[in-house]
Amino acid sequence: MDLDQPVEKLGRHSEFLTAFQKNHRFIVKQEHHQPSRMRKVEWPAHSLETWAPTTCAKDSQATRFMASGPPAEDLPYGIYPLVVAINPQGLAEDVIRIRNILSHGSAVLLRGWRPEALVEVTMEAIEGYMPPVDQKISYQDARERERLFGTKLEDRVYNSIIKFGTLKDFVEAAREGKEVWNCLDLPCPDQEVPALVRRLMDDQYALRAVHREGYSAAPSADSPRAVVTDTAPRVMYVDGLNSTGWDLITHAGFLTYPHHDAAGYLTFSFMRGGGKFWGYIILKDVDHQDQRAVIDAWDRYYTQPLAAETVDRGVEVGTVVLEEDAVLIQPPGINHMVYTPCHSVTSGGHMYCYDTMHLTEFAVVYDFGLDQGGERRPSASNSAHPGMLQKICRMAMALPAFAPTRQFHRRCLIGIRSIIDRLEQRVLEEEAECPPLSEWEIISLELNGDRARALDVLDGVMSLLGVGDAFVEMRKGDWRDPGPLVNLGGLF
């Protein structure tokens, strides 16, 4: 493809390539970038060409592996393709279909929606969209990552990739073209959200349903699960709010390494400016009915935190181009890598959905080593969310409110119980490097109370389903199977 031909001849990706031309042609002109260093990457699945990363050979090799994959929409994955593209027809019907696709572990590309605010990576645009530009941010530095690969494996300090500065520094670096950075999640709790995506946010609906319920653990050794009713929760993790909406800003040429999103969250993403390639990574030659085999295969893949040496081993990849006219909704635990060929602004958020809680459970079991006595694995995830258990407890507490009007997948209900049984809040605090809580602090008391109330609700559900140990039950069968629908209407 000739990138110098008129834009009108470039087809459906013309806007994306216009942004690509504008940003990448500018980078090539910088004195420190000799044209001889620039190499193109062909993406035959999408009839596109981009520049390869200019950081290190590992980044370029990983991007070429990603680019060699078929469209994710053409890659079989269980009962659906790896990604299902949808042109919305009617709200209710689309919500049911999207929930079903996500519940089986496939992602959804929702076409035909554009955000109200389109944002370029310029000082004027960024200052207008997310002031102030002097705010402190953290970002990943691809050139520091390149330096890290030049050291011995045992000497690598992966936190050194994370740098700190201001939003103004980040935008100026984009203009100068000398750096390759990825700004980590900038909280945006009032994020613009398509109506179809909002209908999936069961954790938010659950918080509303029980927003007047507050519990504190009764300080009695004889009644460790007794609760006392309060007026409402007084303390909640700010992470629980910030994770619902965020913005990312990424310099041209940044490769986000293989990972899955933290805390078993379901994630939606859309572009406000520029474009990205998502590469969804799935295992080859593995029996998904054998969960031990699946976990062992991912253990081999994530032998080291950045999966730099194993990026193409034992897996295949399907790609999606995300532009300013679509929303990508990905299920919990799906492993992916992302290439950003032009300066880009991405928005999105995390959520929990009742229909995907079995996938959340599997991701949490893997990340926190719950299948091996809490012994952590090399990180396959990208963040830490100490507010996750609070949200999941509230989802369990809200089951009586939702039971009269909806059904739930069997393994999703069991997955909620398994998480609450096995995952301890102190583990989440350690992961997020938070100061340890005293057992008498208000948030600790209320978390214990919420957990006790959640277990009270789930005791009845597990009895109805005939389940003793939820964790053991979840280790049976295909980890992607949500199970049959269950009616809880007569239980509460």
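Residues numbered from 1 in each chain as written. Predicted model: local features only at pLDDT ≥ 70, side-chain atom pairs only at ≥ 80, totals over all residues. Heavy atoms only, no water.

Colleague: I would appreciate a short explanation of the overall build of the protein chain in the present structure.
Modeller: Looking only at helices and strands, one finds 17 helices and 21 strands in the protein chain. Of the contacts formed within the protein chain by residues at least 6 apart in sequence, a portion of 82% connects residues at least 24 apart. Here the protein chain displays about 20400 Å² of accessible surface, and carbon together with sulfur accounts for 51% of that area. (Helix = DSSP H or I, 4+ residues; strand = E, 2+ residues; numbered from the N terminus. Contact = heavy atoms within 4.5 Å. Areas by Shrake-Rupley, 256 points an atom, 1.4 Å probe, with all protein chains shown as cover.)

Colleague: Could you clarify how one ought to interpret the sheet that holds strand β18 (residues 335-340) in this entry?
Modeller: The pairing of strands in a sheet happens through backbone hydrogen bonds and is either parallel or antiparallel. Judged by pairing direction, the sheet is antiparallel, and its 4 strands sit side by side in the order β13-β18-β15-β16 without closing on themselves. Every other strand in the sheet has two partners, leaving β13 (254-259) and β16 (315-322) as the edge strands with one partner each. The sheet shows a mean angle of 15° between the axes of neighbouring strands, taken without regard to direction. As defined by bridge partners, β13 adjoins β18 across 4 bridges and the pair is classed as antiparallel. Bridging across to β18, L255 finds its partner in Y339. The strands touched by helix α10 (residues 291-301) within the sheet are β13, β15 (276-283), β16 and β18, with β15 carrying the most contacts at an inclination of about 130°. (Pairing = 2+ DSSP bridges. Axes fitted to C-alpha atoms, helices over the stretch in contact; angles between N-to-C directions.)

Colleague: Whenever I open this one, the environment of W479 confuses me. Can you help?
Modeller: For W479, the location among the structural elements is in the loop between α17 (470-474) and β21 (485-486). What makes W479 buried here is its relative accessible area of 8%. In this structure, the C-alpha to C-alpha distance between W479 and H288, residues 191 residues apart in sequence, is 6.7 Å. Ignoring any residue separated from it by four or fewer positions in sequence, one finds W479 in contact with Y77, H288, Q291, V294, H358, L359, F362 and R411. (Buried < 20%, exposed > 50% of the residue type's maximum accessible area, 1.4 Å probe, protein only.)

Colleague: Mind showing me how you'd approach the confidence of the model for the protein chain here?
Modeller: If pLDDT is low for a region, its predicted coordinates should not be looked at in detail. Looking at the protein chain, pLDDT values average 86 and 89% of them are 70 or higher. The spread of mean pLDDT over the elements of the protein chain runs between helix α1 (residues 14-28), the lowest at 40, and strand β20 (residues 408-409), the highest at 98. Every residue in residues 1-36 scores below 50 in pLDDT, and together they form 72 contacts with partners more than four places removed in sequence or on other chains. (pLDDT = per-residue confidence, 0-100.)

Colleague: I would appreciate a short explanation of empty space enclosed by the protein in the present structure.
Modeller: In this approach, a probe sized like a water molecule rolls over the atoms, and the result shows the empty space that is left. With the rule as written, the count across this model stands at 3 cavities of 30 Å³ or more. Reported here for the largest cavity is a volume of approximately 190 Å³. W298, G333, N335, F362 and W479 are, among the 17 residues lining the largest cavity, the residues nearest its centre. Within the residue set of the lining of the largest cavity, elements represented by two or more residues are β15 and α11 (357-367). Counting residues per element, the lining of the largest cavity draws most heavily on α11, at 4 residues. For the lining of the largest cavity, the per-class residue count stands at 13 nonpolar, 4 polar and no charged. (1 Å grid on protein atoms, 1.4 Å probe; cavity = no way out; pocket = protein on both sides within 12 Å on 5 of 7 lines; lining within 4 Å. Points joined across faces, edges and corners; volume = space filled by probe spheres on them. Nonpolar A, V, L, I, M, F, W, Y, C, P; charged D, E, K, R; others polar.)

Colleague: Before we go on, may I ask you to explain the state of the cysteines in this structure?
Modeller: Such a bond, covalent and formed between the sulfur atoms of two cysteines, is termed a disulfide. Summed over the entire model, instances satisfying the criterion amount to 0 disulfides. Its sulfur unpaired, C353 is 8.1 Å from the next cysteine sulfur, which belongs to C412. (Disulfide = S-S within 2.5 Å.)

Colleague: Help me understand the sheet that holds strand β9 (residues 181-187), please; the structure alone is not making it clear to me.
Modeller: Taken in spatial order, the 9 strands of this open sheet run β5-β6-β17-β14-β19-β12-β9-β7-β8, and their pairing is mixed. Edge strands, defined here as strands with exactly one partner in the open sheet, are β5 (83-86) and β8 (162-166). Put simply, the sheet's adjacent strands are angled 25° from each other on average, direction ignored. Bridge analysis of strand β14 (residues 266-273) against strand β19 (residues 344-351) gives 7 bridges, and the strand direction is antiparallel. Bridging from a neighbouring strand, G273 pairs with V345 of β19.

Colleague: Any chance you could explain the nonpolar core here in plain terms?
Modeller: Within soluble globular proteins, side chains that are nonpolar tend to cluster in buried spots. W43, L82, Y280, W298, Y301 and V320 are the most contacted members of the largest nonpolar core, which has 54 residues in total. Setting aside anything within four residues of it in sequence, one finds W298 in contact with I281, L283, V315, N335 and Y366. Residues V210, Y352, L423 and L458 belong to the second largest nonpolar core, which totals 45 residues. (Core = buried A, V, L, I, M, F, W, Y, C linked by side-chain atoms within 4.5 Å.)

Colleague: Could you clarify how one ought to interpret the packing of aromatic side chains in this entry?
Modeller: Here a ring pair, both rings aromatic, is described through the centre-centre distance and the interplanar angle of the planes. Here the structure, examined in full by the defined rule, presents 15 aromatic pairs. Their ring planes at 65° and their centres at 6.2 Å tell us that Y139 and F170 sit as a pair that is edge-to-face. A residue pair is termed long-range when its members are at least 10 positions apart, and Y139 in strand β7 (residues 136-141) and F170 in helix α6 (residues 167-176) qualify at 31 residues. A single burial state applies to Y139 and to F170, both of which are buried. Measuring from ring centre to ring centre gives 4.1 Å for Y139 and W181, while their planes differ by 25°; the resulting arrangement is stacked. (Phe/Tyr/Trp six-rings, centres within 6.5 Å; stacked < 30°, edge-to-face > 60°.)

Colleague: Quick question: what am I supposed to make of helix α3 (residues 91-103) here?
Modeller: Counting along an α-helix, one turn takes 3.6 residues, and residues three or four places apart therefore face a common direction. Under the 1.5 Å per step criterion, the end-to-end length of α3 is 18 Å for 13 residues, consistent within 8% with the ideal 18 Å. Taken together, the buried positions of α3 are D94, V95, I98, R99, I101, L102 and S103. Positive backbone phi, approximately 90°, marks G105, located one or two places after α3. (Expected span 1.5 Å × (residues − 1).)

Colleague: I tried to follow the pattern of salt bridges on my own but got confused; where do I start?
Modeller: Note that side chains of opposite charge can pair when their charged atoms are close. Enumeration over the complete set of coordinates arrives at 24 salt bridges. Residues E324 and R114 are paired through a salt bridge, measuring 3.9 Å at the closest nitrogen-oxygen approach. Of this pair, E324 sits in the loop between β16 and β17 (326-330) while R114 is found in the loop between β6 (107-111) and α4 (123-129), placing the two residues 210 residues apart along the sequence. Accessibility expressed as a relative area gives 15% for E324, which makes it buried. Given a relative accessible area of 37%, R114 falls into the partly exposed group. With a shortest N-O distance of 3.9 Å, D469 and R422 are connected by a salt bridge. In this pair, D469 sits in the loop between α16 (442-465) and α17 while R422 sits in helix α14 (residues 410-422), placing the two residues 47 residues apart along the sequence. (Salt bridge = Lys/Arg side-chain N within 4 Å of Asp/Glu carboxyl O.)

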